[in-house]
Amino acid sequence: MITQHKKLSSTVIISVYKDDVALSIILKSLLLQTVDNFEVIVSEDGQSDEIKRCIDHFKSTDLFLLHLTQDDQGFRKNIALNRAITASNTDHLIFIDGDCVPHHAFVEAHQSCTRRGITCTGRRLELGEAISDKLRTGQIDLNYLTNRLQYFLHSFALQKDSAKNIESGIYSKILHNLTKDKEIRILGCNFSANKQDLVAINGFNEDYLAPGIGEDSDIDWRLLKSGVKIRNVKFSAIQYHLYHPRAY
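Because the structure is a prediction, the values reported are computed rather than measured.

A. Spotlight on the environment of Gln 70. The topology assignment puts Gln 70 in the loop between strand E3 (64-68) and helix H3 (77-87). In this structure, the C-alpha to C-alpha distance between Gln 70 and Ala 80, residues 10 residues apart in sequence, is 7.3 Å. Sequence-distant contacts of Gln 70, defined by excluding residues within four places in its chain, comprise Glu 44, Asp 45, Gly 46, Gln 47, Arg 76, Ile 79, Ala 80 and Arg 83. For Gln 70, the side chain forms a polar contact with the side chain of Asp 45, separated by 2.8 Å. A polar contact of 3.1 Å, which involves the side chain of Gln 70, links it to the backbone oxygen of Arg 76.

B. Representation of the packing of aromatic side chains within the structure. Counted according to the given criterion, the structure contains four aromatic pairs. When the ring of Phe 95 is compared with that of Phe 191, the centres are 4.7 Å apart and the planes differ by 15°; the resulting orientation is stacked. Of this pair, Phe 95 sits in strand E4 (residues 92-97) while Phe 191 sits in strand E8 (residues 190-194), and the two are 96 residues apart along the sequence. Look at Tyr 151 and Phe 152: their rings are 6.4 Å apart centre to centre, the planes differ by 75°, and that puts the pair in the edge-to-face class. With relative accessibility at 3%, the residue Tyr 151 sits in the buried group. Aromatic ring contacts, followed pair by pair, group Phe 95, Phe 191 and Phe 204 into a single cluster.

C. Region of the structure containing the sheet that holds strand E9 (residues 229-232). Reading across from one edge, E3-E2-E1-E4-E8-E6-E9 is the order of the seven strands in this open sheet, with mixed pairing throughout. The open sheet has two edge strands, E3 and E9, and neither has a second partner. Here the average twist between neighbouring strands, direction ignored, is 20°. The sheet strands contacting helix H1 (residues 20-31) are strand E1 (10-16), strand E2 (38-44), E3 and E4, and the helix crosses E1 at an angle near 165°.

D. Structural detail: the pairing of strand E10 (residues 238-241). Where burial is concerned, the two faces of E10 agree: the one with Ile 238 and Tyr 240 and the one with Gln 239 and His 241 are both buried. In terms of strand pairing, strand E5 (residues 100-102) meets E10 through three bridges, oriented antiparallel. From the neighbouring strand, Cys 100 faces E10, where its bridge partner is His 241.

E. Inspection of the pattern of salt bridges at higher detail. Counted under the stated rule, the structure contains 10 salt bridges. Residues Asp 197 and Arg 116 are paired through a salt bridge, measuring 2.7 Å at the closest nitrogen-oxygen approach. Of this pair, Asp 197 sits in helix H10 (residues 195-200) while Arg 116 sits in the loop between helix H4 (106-111) and strand E6 (118-121), placing them 81 residues apart in sequence. By relative accessible area, Asp 197 is classed as buried at 7%. The shortest N-O distance in the salt bridge between Asp 220 and Arg 185 comes to 3.0 Å.

F. Quick peek at the state of the cysteines. Considering all chains together, one arrives at one disulfide under this definition. The disulfide that involves Cys 113 links it to Cys 120, with 1.9 Å between the sulfurs. The disulfide joining Cys 113 to Cys 120 has a torsion of about -80° about its S-S bond and is therefore left-handed. Classification of Cys 120 by relative accessible area gives buried; the value is 0%.

G. Seen up close, the packing of H1 against helix H2 (residues 49-58). Where H1 contacts H2, the axes come no closer than 9 Å and their chain directions differ by 20°. Taken together, the axis directions place H1 and H2 in an arrangement best described as roughly parallel. Taken as a pair, H1 and H2 cross one another with a handedness that is right-handed. Here Asp 20, Leu 23, Ser 24, Leu 27, Lys 28 and Leu 31 of H1 come into contact with H2, specifically with Glu 50, Ile 51, Cys 54, Ile 55 and Phe 58. Per-class residue counts for the contact of H1 with H2 are seven nonpolar, one polar and three charged.

About the thresholds
- Residues numbered from 1 in each chain as written.
- Predicted model: local features only at pLDDT ≥ 70, side-chain atom pairs only at ≥ 80, totals over all residues.
- Heavy atoms only, no water.
- Helix = DSSP H or I, 4+ residues; strand = E, 2+ residues; numbered from the N terminus.
- Contact = heavy atoms within 4.5 Å.
- Polar contact = N/O pair within 3.5 Å; in protein donor to acceptor, adjacent residues only side chain to side chain.
- Phe/Tyr/Trp six-rings, centres within 6.5 Å; stacked < 30°, edge-to-face > 60°.
- Buried < 20%, exposed > 50% of the residue type's maximum accessible area, 1.4 Å probe, protein only.
- Pairing = 2+ DSSP bridges.
- Axes fitted to C-alpha atoms, helices over the stretch in contact; angles between N-to-C directions.
- Salt bridge = Lys/Arg side-chain N within 4 Å of Asp/Glu carboxyl O.
- Disulfide = S-S within 2.5 Å.
- Parallel < 35°, antiparallel > 145°, perpendicular 65-115°, else oblique.
- Left-handed = near helix turned anticlockwise from the far one by under 90°.
- Nonpolar A, V, L, I, M, F, W, Y, C, P; charged D, E, K, R; others polar.

Okay, structure coming up:
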């Protein structure tokens, strides 16, 4: 159990595999959130010394951090996620992939929407290789993306760098209100759910042992079949996906 001096409302669960640089950027972004009433569970599908050093560095910050590891025996992300659900200290769980950096209002957006019987999901901007490298090496900081004026000024550079879903990187209450009733399916790197709703369907399906072939659609389908409603938080819960070559 994590000892804290304030009441925690949410648990941010980050699934990671070896990429300590991306994790460092994510943890920096979580320090900049508009709310601070959450814990962070880094659920590692492996046991990397680099990841451990990264987490040890951030333990001196204000983040409430828990690090879970398991043997590296191939793709076992869903097993790692279920272990994080069990270890969480709150009923509001927010899921992030280890290559997706959240906007500073990301946690607040999910907190304002998710409750028992309702899960929320957003979308992400797919960054290109050059801008991702600049973020990774510290040549630019998160303000390049999270500041709305800066974002529009750099939109041409994003396009030139082959970024995808550029509109999904825009934080806008107006756009959110215009699109919030549009049907949307769960994106596993950007969704939140009530812990009891996940326990009721026995969590993530651990039979999925390869990336990108159904782990998102499976949890989506089973939550819907259990009566949980899915809410759209596009333009409100924003993420920036760091470029990397596909492993599948």
